[in-house]
Amino acid sequence: MQQVNRLTPAMDVGAYQTFAITAPRDTSVVAACEQVACAAWQFGWESKVDEATPLGREQAAYIRQTSGRTFREQRTGDGLTVFRFEAHQRCFEEHRTRAEIYLVRDGDWRGNPTGRRRNHQRPADWVEDFGEHQQRIADQQQKG
């Protein structure tokens, strides 16, 4: 195993904060279409249903009465019903992705002397926290 080459820190471990994004191993979670860049969500999609079959009638009834999605409906020459769904609404797939943990803790690679840590629930909150932290550092450097 290759040894990590680290610079000697200029300050005490308590003067640092660590921002990390990690993922638990072998864990997946159900995700919204937008989170996984689902093409159906981005551009809309079509579902073709053959209402001459019992399954097709059930699918069409679900789409019309229960799905809660916005669509246009038309019939094709060969007797199929085409449902055209608008973009930016949940598709019918169940998407899964790996869970991510957006962590901020005191200290650096040498440890966390206070034991304080925060897990942000949303990536945008972690990014905002990181940006504010970087701005504080820049402001302190400017002051001297």
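This write-up is about the structure you can find in this document.

Reading the values: the criteria
- Residues numbered from 1 in each chain as written.
- Predicted model: local features only at pLDDT ≥ 70, side-chain atom pairs only at ≥ 80, totals over all residues.
- Heavy atoms only, no water.
- Helix = DSSP H or I, 4+ residues; strand = E, 2+ residues; numbered from the N terminus.
- Buried < 20%, exposed > 50% of the residue type's maximum accessible area, 1.4 Å probe, protein only.
- Contact = heavy atoms within 4.5 Å.
- Salt bridge = Lys/Arg side-chain N within 4 Å of Asp/Glu carboxyl O.
- Pairing = 2+ DSSP bridges.
- Core = buried A, V, L, I, M, F, W, Y, C linked by side-chain atoms within 4.5 Å.

Digging into the side chain of aspartate 129
Its place among the elements puts aspartate 129 in helix H3 (residues 123-143). Assessed through its relative accessible area of 11%, aspartate 129 is described here as buried. Apart from the residues lying within four places of it in its own chain, the contact partners of aspartate 129 are Phe19, Val104, Arg118 and His120.

Some words on the pattern of salt bridges
Inspection of the entire model under this criterion finds 8 salt bridges. In this structure, arginine 64 engages glutamate 51 in a salt bridge whose closest nitrogen and oxygen atoms are separated by 2.9 Å. Of this pair, arginine 64 sits in helix H2 (residues 54-65) while glutamate 51 is found in the loop between strand S3 (45-49) and H2, placing the two residues 13 residues apart along the sequence. Taking relative accessible area as the criterion, arginine 64 reaches 35% and is therefore assigned partly exposed. Put simply, arginine 122 and aspartate 125 hold a salt bridge, and the shortest N to O gap is 2.9 Å. Of the residues examined, aspartate 125 reaches a relative accessible area of 24% and is grouped as partly exposed. Through salt bridges with shared partners, one network takes in Glu51, Arg64, Glu73 and Arg75.

Examining the pairing of strand S7 (residues 101-106)
Within a regular beta strand, the side chains point alternately toward one face of the sheet and then the other, so they alternate between its two faces. Note: strand S1 (residues 17-22) against S7, 6 bridges, orientation antiparallel. Following the sheet pairing, glutamine 17 is matched in S7 by aspartate 106. Of the pairings in the sheet, the one linking S7 to strand S8 (residues 117-120) comprises 4 bridges and is antiparallel in character. Bridged to valine 104 within S8 is arginine 118.

Thoughts on the nonpolar core
Listed in full, the 11 residues of the largest apolar core are Cys33, Cys38, Ala40, Trp41, Trp45, Val49, Ala60, Ile63, Phe83, Phe85 and Cys91. Mapped onto this core, the elements with two or more residues apiece are helix H1 (39-43), S3, H2 and strand S5 (81-85). Residues contacting cysteine 38, with those up to four places away along its chain left out, are Cys33, Cys91 and His95.

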